[in-house]
Amino acid sequence: SKGFIEYGKLISSTSVNYVKTFAQKHHLDVLAAYEVESYQTDKASGERSKLPSYVGLTEPDNGAVLNSFVSSTQDYRMLSYISRLNYDYDDRYYVAGSFRRDGSSRLSPDNRWGNFWSVSGMWHVSNEAFMQPVKHILSDLKIRASYGTTGNDLDVYGNKITPFSYIEKYVSGSSYIYGDALANGITPGDVPNPYLTWATSTTYNGGLDFGFLNNRL
């Protein structure tokens, strides 16, 4: 008997970034990107019997009888459209936002695409003019907040969803006699779930950042 497993992986990313400062106080950073992740797994195994008795002829191809042969190919692809915008005014007021649209071939056509976004803001209070008299003590003060969503195509156990789980599949089953030969049977696979979709989580964040005595504390 003999078999093999072959893995293929391709990751491609294309992005455009625009950075500009206006009137010395307005700072803009814009990004747009497109990403592709493609994976393929090929498996095959077979068994032959009645090999010749000559020394060294041990490869399955030399066997007179083919007992079994199974093979499979699995493909998976993820497409992502990504955008991001960062803006600040005079190193005092910051806003940022991002949006991405991901498509996974593991999910059904009706649920294949997921949209995820985030927004954040910060006020660099210590750079305000009214803070300058106390900046030798309170050297840094920031107030920030953010909100965002993320997603993945994992199952409840954290594993990748099996390809084509949303449709009915057939797998190799028990062998049976057909005429004077042994034939391979098939049997229904796992129960399909056409409602598989992205697992989405939401994150809220807020905080105050302090720095004292020239950020020594």
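Thresholds, definitions, all that
Residues numbered from 1 in each chain as written. Predicted model: local features only at pLDDT ≥ 70, side-chain atom pairs only at ≥ 80, totals over all residues. Heavy atoms only, no water. Pairing = 2+ DSSP bridges. Helix = DSSP H or I, 4+ residues; strand = E, 2+ residues; numbered from the N terminus. Axes fitted to C-alpha atoms, helices over the stretch in contact; angles between N-to-C directions. Buried < 20%, exposed > 50% of the residue type's maximum accessible area, 1.4 Å probe, protein only. Contact = heavy atoms within 4.5 Å. 1 Å grid on protein atoms, 1.4 Å probe; cavity = no way out; pocket = protein on both sides within 12 Å on 5 of 7 lines; lining within 4 Å. Points joined across faces, edges and corners; volume = space filled by probe spheres on them. Nonpolar A, V, L, I, M, F, W, Y, C, P; charged D, E, K, R; others polar.

(A) Region of interest: the sheet that holds strand β5 (residues 113-124). Reading across from one edge, β1-β2-β3-β4-β5-β6-β9 is the order of the seven strands in this open sheet, with antiparallel pairing throughout. Because the sheet does not close on itself, it has two edges, and the strands there are β1 (2-22) and β9 (199-212). This sheet shows a mean twist of 10° between the axes of neighbouring strands, independent of strand direction. Two strands pair when backbone bridges link them, and strand β3 (residues 65-89) and strand β4 (residues 93-104) are joined in this way by twelve bridges, in the antiparallel orientation. If you follow Tyr81 over to β4, its bridge partner there is Arg101.

(B) Up close: the side chain of Ser108. When you line up the elements, Ser108 lands in the loop between β4 and β5. Residue classification places Ser108 among the buried positions, given a relative accessible area of 5%. Apart from residues lying up to four places away in sequence, Ser108 is in contact with Tyr166, Pro194 and Leu196.

(C) Geometry of the layout of surface pockets. Reported here for the largest pocket is a volume of approximately 420 Å³. Surrounding the largest pocket, 14 residues form its lining, Ser72, Gln74, Lys169, Tyr170 and Val171 being those nearest its centre. Among the elements of the structure, β3 and β7 (170-178) are those that each provide at least two residues to the lining of the largest pocket. The greatest single-element share of the lining of the largest pocket, amounting to five residues, is contributed by β3. Looking at the lining of the largest pocket, its residues break down into five nonpolar, seven polar and two charged. Within this model, the second largest pocket holds a volume of roughly 220 Å³. Lining the second largest pocket are 14 residues; nearest its centre among them are Lys2, Gly46, Pro60, Asp61 and Phe69.

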